[in-house]
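# Structural overview for review
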Amino acid sequence: PAASDDAPSPALPSLIGFDRDDLAATLAAMGEPGFRARQVWHWIYHRGATDFAAMTTLAKDLRSRLATAFTLQRPRVASELRSSDRSRKWLLAFEDGNQAETVFIPEEDRGALCMSSQVGCTLTCAFCHTGTQRLVRNLSAGEIIGQLMLARDSYGEWPTPSGERLLSNIVMMGMGEPLYNYDNVAKALRIAMDPEGIAISRRRITLSTSGVVPLIRRVGEELAVKLAISLHAVTDELRDELVPINRKYPIAELLQACRDYPAADNARRITFEYVMLKGINDSPADARALARLVAGIPCKFNLIPFNPWPGAAFACSDEATMAAFAAILNNAGYTAPVRTPRGRDIMAACGQLRSASLRASRSRRPLDVAGVPGQTTAGETRSENTAAESA
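Residues numbered from 1 in each chain as written. Predicted model: local features only at pLDDT ≥ 70, side-chain atom pairs only at ≥ 80, totals over all residues. Heavy atoms only, no water.

## Quick look at the pattern of salt bridges
To be explicit about the condition: Take a side-chain nitrogen of Lys or Arg and a carboxyl oxygen of Asp or Glu: if they are within 4 Å of each other, that pair is a salt bridge. In DSSP terms, a helix is any run of H or I states spanning at least four residues, a strand is any run of E spanning at least two, and both are numbered starting from the N terminus. Throughout, exposure labels follow a simple rule: accessible area from a 1.4 Å probe, protein chains only, divided by the maximum for the residue type, with under 20% read as buried, over 50% as exposed, and the rest as partly exposed.
Counted according to the given criterion, the structure contains 17 salt bridges. For Asp61, the salt bridge identified is with Arg65, shortest N-O distance 3.1 Å. Here Asp61 and its partner Arg65 are both found in helix H3 (residues 60-69), 4 residues apart, which amounts to about one turn of the helix. The residue Glu101 makes a salt bridge to Lys89 at a minimum N-O spacing of 3.4 Å. Of this pair, Glu101 sits in strand S3 (residues 99-106) while Lys89 is found in strand S2 (residues 88-93), placing the two residues 12 residues apart along the sequence. The same class applies to Glu101 as to Lys89, namely buried. Each of Glu32, Arg36, Asp61 and Arg65 takes part in salt bridges that share partners, so that together they form one network.

In structure tokens:
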């Protein structure tokens, strides 16, 4: 009988997420010459093929063998929500049933895709809805780059445009802490940056971290993408409460890592993200302290109005307070726009992402030699989308 929509798909690996070395090894194991890997790369990442039969530069026999052993499957869209401001949020379902969210924020002739790196989050930042969902597991490189490929499928941006494109930027600011899944994030971003494939310039990629200090330099040396730091406080006492990773890597260590970031210059300034919480971190004194803290770092600020979510204990600073805060930073010589919230009506704004996936057990996450949490056991998931229901 035909499989139902809810039945698990055949357990064939997807080539989405294979880098050049992976494809070369795979094709060599199939007895194919080296140039075949370059052809398959072109079909997957430049032309966006979803069916091996479309790979007409390959012999029919090879196409058949590839289709027998692999798929070109992206994450499945479990649900999609569209905002009145044209933002789109996809709840994505992965092969093990777990879910994560991806958001596209369009501008007039371009846009940024906000991609997730984990199901849930390792951290528990007090103002963030994702932080209320315990970490289920890391996403694979294929599940990360698959978010971008799915979005390109949706907007018909294949083959890779040679000029302007709507999906112009990537921001690793979705669910999860990217640097606690560094290897998979780095692999996915290298695939995205390859000029013979998806071809998104490193200047159009921003990786946001809450402050995993030991890996910040590595990002600059190996990826050289733009860096964003979730700062949100000017004292360790407050940041310990808002961003608990600060207890391990306090502000002074974090800012030193920013000063040492190899890819930072006046053309690619570090962005300090600062969520505006009424009566918590939004005083003129906070603004002046913030300007002093970052002295000497090529940087700018992104002042983020707090985006509410069910059960949140915070309120957003009022407009006059945010304008005064920005003015102090501007007068100190820094760019400090107050971000216009996008996608609030579909719970797609900054800090609002969350899925219903749950950890299956209490097993502790293994630690690698750098003390960074690694892969966790896969969790089970409920069918409902918590974020979508609360929108």
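## Section: the sheet that holds S2
Selection criterion: Strand pairing follows a simple DSSP-based rule, namely that at least 2 bridges must link the two strands. Fitted lines through C-alpha atoms give the axes, limited to the stretch in contact for helices. The angle between two N-to-C directions lies from 0 to 180 degrees.
Ordered by their spatial adjacency, 9 strands build an open sheet running S1-S2-S3-S4-S7-S8-S9-S10-S11, and the pairing between neighbours is mixed. Whereas interior strands pair on both sides, the edge strands pair on one side only; in this sheet they are strand S1 (76-82) and strand S11 (299-305). Between one strand axis and the next, the sheet turns through 20° on average, direction left out of account. Pairing of S1 with S2 involves 6 bridges; the strand directions are antiparallel. Within S2, the residue paired with Ser79 across the bridge is Leu91.

## Describing the pairing of S3
Within S3, 7 of the 8 residues are buried, leaving the element largely enclosed by the surrounding structure. One ladder, built from 6 bridges, connects S2 with S3; its direction is antiparallel. Within S3, the position partnered with Ala93 by the bridge is Gln99. In textbook terms, the turn of a hairpin is the stretch between consecutive antiparallel strands, and for S2 and S3 this stretch comprises 5 residues, one of which, Gly97, has a positive phi near 90°. Note: S3 against strand S4 (residues 111-114), 4 bridges, orientation antiparallel.

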